[in-house]
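# Descriptive structure summary
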Amino acid sequence: GAVVSQHPSRVICKSGTSVKIECRSLDFQATTMFWYRQFPKKSLMLMATSNEGSKATYEQGVEKDKFLINHASLTLSTLTVTSAHPEDSSFYICSARGREPGQGYNEQFFGPGTRLTVL
Amino acid sequence: GENVEQHPSTLSVQEGDSAVIKCTYSDSASNYFPWYKQELGKRPQLIIDIRSNVGEKKDQRIAVTLNKTAKHFSLHITETQPEDSAVYFCAARPFMKTSYDKVIFGPGTSLSVIP
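Here's a quick rundown of the structure. (Residues numbered from 1 in each chain as written. Chains lettered and ligands numbered in written order. Predicted model: local features only at pLDDT ≥ 70, side-chain atom pairs only at ≥ 80, totals over all residues. Heavy atoms only, no water.)

Let's shift gears to the pattern of salt bridges. Residue and element names in this part refer to chain B. Applying the stated rule across the entire model yields five salt bridges over all chains. As a salt-bridge pair, D84 and R61 come within 2.9 Å of each other at their nearest N and O atoms. Taken together, the residues span a long stretch of sequence, with D84 in the loop between β8 (72-77) and β9 (86-94) and R61 in the loop between β6 (56-59) and β7 (62-67) at a distance of 23 residues. (Salt bridge = Lys/Arg side-chain N within 4 Å of Asp/Glu carboxyl O. Helix = DSSP H or I, 4+ residues; strand = E, 2+ residues; numbered from the N terminus.)

Shown next, in the form of structure tokens:
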């Protein structure tokens, strides 16, 4: 099946620093990438949606200056948490929408997630 | 926008029994309904999906039903096994002509299968 990778898998940082998370589609071109955050024992909350080469569309309540999204190519999107604070600690999951080799339709494939802890 | 509700939030069943999880959605334009299984600390895994032109779909011990009129869809797991224990999310995807067809998740059901 289609593979989406995320890096890093885990990061611990000090309050006030910025953290960049990468999301890559390894064997397909992602027409759209999504970023979610998930608190413990909670559902996945969509933060933003982006197409390659376009500005991301943020969900209501998500600060675009806080969570910078860059979708530079059809296989790479990055999420930068700027000036991170303890309340930003969460599990961040990306997903990429694209066509798995051999399939005739698009599906959404999830990355393994990045656990961010801000001290 | 789309809103997905899910019940129950927790479910315990004896091994071998069936488990049913029910979801409702609000946007009549939604036309794709995937179900995901998420184990602790792992990514969500798609286990089955159904499109709005189909009322029922089955894959071995897992089945999903869809009632478009009532905006209900359900997941049925038969002959449950301990490895079925996980959090299950239903989701809905509104149809949009652009590629911004985001998937909206329900709040999740924590399923425990007791050996």
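That shown, we press on.
This part covers the pairing of strand β2 (residues 10-13) of chain A. All names here are of chain A. Here β2 shows a clear split, with V11 and C13 buried on one side and none of R10 and I12 buried on the other. Across four bridges, β2 lies against strand β11 (residues 114-118) in parallel orientation. When the bridges of β11 are listed, V11 appears paired with L116. (Buried < 20%, exposed > 50% of the residue type's maximum accessible area, 1.4 Å probe, protein only. Pairing = 2+ DSSP bridges.)

Moving on to the sheet that holds strand β7 (residues 67-73) of chain A. All names here are of chain A. Strand order in the open sheet formed by four strands is β1-β3-β8-β7, and the pairing between neighbours is antiparallel. Sheet topology places β1 (4-7) and β7 at the edges, where each strand pairs with a single neighbour. Neighbour to neighbour, the strand axes of the sheet diverge by 15° on average, direction disregarded. Examined bridge by bridge, β1 and strand β3 (residues 19-25) share four bridges and lie antiparallel to one another. The residue bridging H7 from the neighbouring strand is E22, located in β3. (Axes fitted to C-alpha atoms, helices over the stretch in contact; angles between N-to-C directions.)

What follows concerns unusual backbone geometry. Cis rather than trans, the peptide bond between H7 of chain A and P8 of chain A has omega equal to 0°. Turning to its location among the elements, P8 of chain A is positioned in the loop between β1 and β2. Here H7 of chain B and P8 of chain B are connected by a cis peptide whose omega angle stands at -5°. Relative to the helices and strands, P8 of chain B is located in the loop between β1 (4-7) and β2 (10-14). Positive phi values are uncommon outside glycine, yet E79 of chain B reaches one of about 45°. Assignment of secondary structure puts E79 of chain B in the loop between β8 and β9. On the accessibility criterion, E79 of chain B (52% relative accessible area) is exposed.

With that settled, the discussion passes to the environment of G61 of chain A. Tracing the sequence through the fold places G61 of chain A in the loop between β6 (57-58) and β7. Spatially, the C-alpha atom of G61 of chain A lies 8.6 Å from that of M47 of chain A, the residues being 14 residues apart in sequence.

Residue and element names in this part refer to chain B. Of the pairings in the sheet, the one linking β6 to β7 comprises four bridges and is antiparallel in character. Counterpart to K57 in the pairing with β7 is V64. Counting the residues that bridge the hairpin from β6 to β7 gives two residues, and of these Q60 lies at a positive phi of roughly 60°. Two elements, β7 and β8, share six bridges in a ladder whose sense is antiparallel. Of the residues in β8, the one forming a bridge with L66 is F73. From the end of β7 to the start of β8, which pair antiparallel, there are four residues, and K71 there has a positive phi angle of about 60°.

Quick look at the side chain of T80 of chain A now. Inspection of the secondary structure assignment puts T80 of chain A in strand β8 (residues 76-81). Setting aside chain neighbours within four positions, we find T80 of chain A in contact with S18, V19, K20, K66, F67 and L68 of chain A. (Contact = heavy atoms within 4.5 Å.)

The next thing to look at is the environment of V4 of chain A. With respect to the secondary-structure elements, V4 of chain A resides in strand β1. Separated by 108 residues in sequence, V4 of chain A and P112 of chain A have C-alpha atoms that sit 7.6 Å apart. Apart from residues no more than four positions distant in its own chain, V4 of chain A is found in contact with C23, R24, S25, F28, C94, A96, F109, F110, G111 and P112 of chain A together with R43 of chain B.

At the interface, 24 residues of chain A touch 20 residues of chain B. Summed over both sides, the interface between chain A and chain B buries roughly 1,700 Å², with carbon and sulfur atoms accounting for 48% of that surface. Counting every contact that joins chain A to chain B gives zero salt bridges. Summed over the shared surface of chain A and chain B, the result is five residue pairs in polar contact (both at pLDDT 80 or more). Every element with two or more residues in the side of chain A that touches chain B is listed here: β4 (30-38), β5 (44-51), β9 (90-99) and β10 (106-110) of chain A. A breakdown of the residues in the side of chain A that touches chain B according to their chemical character gives 10 nonpolar, nine polar and five charged. (Buried area = accessible area lost by both parts, 1.4 Å probe. Polar contact = N/O pair within 3.5 Å; in protein donor to acceptor, adjacent residues only side chain to side chain. Nonpolar A, V, L, I, M, F, W, Y, C, P; charged D, E, K, R; others polar.)

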